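So the chains spell out like this:
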Amino acid sequence: MGRGVSVRRSLGRPFGLLWAAYGVSTFGTRLAFDAFPLIAVLVLHAGPSEVAALAAAGLAVGAAVAVPLGPWVEFRRKRPVMVAMDLIRCAALLSVPAAFALGGLTLAQLLIVSVVVAAADITFIAASGACLKALVPREDLLVANGRLEATTWTATVLGPPVGGAAIGLFGPVTTVVADAVSYLLSAVGIRAIGGKEPRPVRTDPPQGFRAGALLEGWRYILTSPVLRPLFLNTVLVNGLIMATSPLLAVLMLGHLGFAAWQYGLAFAVPCVGGLIGSRLARRLVARYGQHRVLLTAGALRACWSLGLAFVGPGAAGLVLVMAVEFGLIMCVGVYNPVLATYRLEHTATDRVARTLSAWSVTGKLTTAALTALWGLLAALTGTRTAIALAGLLMLATPLLLPRHERARQDERGSVGTSA
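All figures in this text were calculated on a predicted structure; none of them were measured in a lab.

**Side note on the overall build of the protein chain**
- For the protein chain, the count of helices and strands is 20 helices and zero strands.
- The buried share among the 419 residues of the protein chain stands at 51%.
- Partitioning the contacts of the protein chain with sequence separation of at least 6, the portion at a separation of at least 24 is 87%.
- As presented, the protein chain carries roughly 18,600 Å² of accessible surface, and 70% of it is formed by carbon and sulfur atoms.

The following block contains the structure:
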């Protein structure tokens, strides 16, 4: 009964402010979903290759730029870093409507802004994970991560349709302005947390920006019997999901003739599954245990994507996409907060920022590489075949999940000592 009450009680004012900041910035980001490709097409008249290059290069270069920032963040107060990253993202995004108003917007500027925002995103995520671990007691981490995950999916349901309507009414850069303002509001919320944040104590000798310091996050992940399989599984699954996203757009909007509103509906409505999954996560862990839920949800989320290769025209095809996406997203909604909690619990306090930074950098680089590879694969084999191959490969990804708890229990002891 005590556990049932804890999910509804407040986690304190500091977490409430962090949650509010996360909510407003996430909604702003979802509101501006695909804003840069739309601006590139509608304003700069860019072609498909230029739009693809903008998406892949911005992601990859931004991730590379963020590599040295992980060690830099680790031994600094996290909230000032988060505020700084919010302000950097705000300023970078505001440069786009400013250039548009002056008639000087270029594809190169969009690329530079994409790089800056991607690097700031990774740095913010690294700092925010460490901040959350410091603000919330260990026993409440799953509740906190569940609320953040639910917020993500709520914003994903509401943001793109509202953003699309805003672009139609007020022009192509409207949502970029809204996204920039959301980061400013996020910075205000994080700053309002107040209190004195202690400076992290350095437990290893300063290494500056030498290779050893830059690679520490990856070394920590890859030498951990707990984190390594989860890292490899999560990076591959997320990369495959994102790599087939543009191919599905081509299949539905081009070959099958779906209208743009139908395409948007097909991916907005299933996000309710993410909200349901994130609400179920804590209850499932309480009943079945963290490891079993992580393994089961991780395996189930790999079973859906193959169905997208069989999408046909008309109402039946639309329903099939929505059903597949709903099942996939609900499993992801359960998996993500449990993974986030598990990862924080099994990462030493003085390694959180570097670990999360390495994780995010690898995820973005993998997504960029697989997106480019699957575009080439689709050109060689056909769009539907490429989607099917990704779905088949997804079925093998559960083999990377940790199937035994022994390593997990050993790791808990070592992390507790180092933390």
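From this point, the narrative continues.
**Topic: the pattern of salt bridges**
- All chains considered together, the criterion is met by five salt bridges.
- Ionic pairing is found between Glu-216 and Arg-351, a salt bridge with its closest N-O pair at 3.2 Å. Here Glu-216, found in helix α11 (residues 216–222), pairs with Arg-351, found in the loop between α17 (314–345) and α18 (352–381); they are 135 residues apart in sequence, far enough to count as distant.
- Under the relative-accessibility criterion, Arg-351 is labelled buried at 16%.
- Overlapping salt bridges bring together Glu-216, Arg-219, Asp-350 and Arg-351 as one network.

**Let's talk about the packing of helix α2 (residues 13–31) against helix α9 (residues 174–191)**
- Two numbers describe how α2 lies on α9: the axes approach to 8 Å, and their chain directions differ by 170°. On the basis of the axis angle, α2 is roughly antiparallel to α9. Taken together, the residues of α9 that come into contact with α2 (itself represented by Leu-17, Ala-21, Val-24, Ser-25, Gly-28, Thr-29 and Leu-31) are Thr-175, Ala-178, Asp-179, Ser-182, Tyr-183, Leu-185, Ser-186, Gly-189 and Ile-190.
- Here the residues of the contact of α2 with α9 are counted per class, giving eight nonpolar, seven polar and one charged.

**Quick notes on the packing of aromatic side chains**
- Going through the model one piece at a time under the given rule, you end up with two aromatic pairs.
- Sitting over the face of the ring of Tyr-335, Arg-301 holds its NZ or CZ atom 3.9 Å from the ring centroid.
- Residue placement shows Arg-343 over the ring face of Trp-359; its charged tip is 4.6 Å from the ring centre.

**Digging into the packing of helix α15 (residues 272–288) against helix α16 (residues 290–300)**
- The contact between α15 and α16 brings their axes to 7 Å, and the two run at 125°. Overall, the two elements α15 and α16 adopt an arrangement that is oblique. Only Gln-290, Arg-292 and Val-293 of α16 make contact with α15, whose side of the interface consists of Leu-284, Val-285 and Tyr-288.
- Residue composition of the contact of α15 with α16, by class: four nonpolar, one polar and one charged.

**Thoughts on the confidence of the model for the protein chain**
- Summary statistics for the protein chain give a mean pLDDT of 84 and a share of 89% for residues scoring 70 or more.
- Segment residues 1–7 is flagged for pLDDT under 50; beyond a separation of four residues in sequence, or across chains, it makes eight contacts in the model.

**Overview of helix α3 (residues 35–42)**
- Those residues of α3 lying buried are Ala-35, Phe-36, Ile-39 and Ala-40. The buried residues of α3 occupy an angular sector of 135° when the element is viewed end-on, so they sit on one face.

**A short note on α17**
- When the terminal C-alpha atoms of α17 are compared, their 47 Å separation across 32 residues agrees well with the 46 Å that a helix rising 1.5 Å per residue should span.
- Within α17, 23 of the 32 residues are buried, leaving the element largely enclosed by the surrounding structure.

**Observations concerning a nonpolar patch on the surface**
- A contiguous nonpolar patch, built from Leu-94, Val-177, Val-181 and Leu-185 and spanning about 290 Å² of accessible area, is present on the exposed surface.
- Along the chain, Leu-185 falls in helix α9.

**A closer look at the nonpolar core**
- If you look at the biggest cluster of nonpolar residues, it comprises 29 residues, and the most contacted ones within it are Leu-230, Leu-294, Tyr-335, Val-338 and Val-361.
- Every element with two or more residues in this core is listed here: α4 (48–66), α7 (107–135), α11, α12 (227–243), α15, α16, α17 and α18.
- At five residues, α17 tops the list of elements feeding residues into this core.
- If we skip the residues at most four places from it in the chain, Leu-294 touches Leu-230, Tyr-335, Val-338, Leu-339 and Tyr-342.
- Listed in part, the 28 residues of the second largest apolar core include Val-83, Ala-130, Leu-132 and Val-352.

**What about the environment of His-255?**
- Secondary-structure assignment places His-255 in helix α13 (residues 245–255).
- Sequence-wise, His-255 and Gly-312 are 57 residues apart; in three dimensions their C-alpha atoms are separated by 9.6 Å.
- Contacts of His-255, omitting those with residues within four sequence positions, involve Val-250 and Thr-383.

Cut-offs applied
Residues numbered from 1 in each chain as written. Predicted model: local features only at pLDDT ≥ 70, side-chain atom pairs only at ≥ 80, totals over all residues. Heavy atoms only, no water. Helix = DSSP H or I, 4+ residues; strand = E, 2+ residues; numbered from the N terminus. Buried < 20%, exposed > 50% of the residue type's maximum accessible area, 1.4 Å probe, protein only. Contact = heavy atoms within 4.5 Å. Areas by Shrake-Rupley, 256 points an atom, 1.4 Å probe, with all protein chains shown as cover. Salt bridge = Lys/Arg side-chain N within 4 Å of Asp/Glu carboxyl O. Axes fitted to C-alpha atoms, helices over the stretch in contact; angles between N-to-C directions. Parallel < 35°, antiparallel > 145°, perpendicular 65-115°, else oblique. Nonpolar A, V, L, I, M, F, W, Y, C, P; charged D, E, K, R; others polar. Phe/Tyr/Trp six-rings, centres within 6.5 Å; stacked < 30°, edge-to-face > 60°. Lys NZ or Arg CZ within 6 Å of the ring centre and 35° of its normal. pLDDT = per-residue confidence, 0-100. Arc of directions from axis to C-beta. Expected span 1.5 Å × (residues − 1). Patch = residues over 30% accessible without salt bridge, like charges linked within 9 Å, V, L, I, M, F, W, Y side chains within 5 Å. Core = buried A, V, L, I, M, F, W, Y, C linked by side-chain atoms within 4.5 Å.

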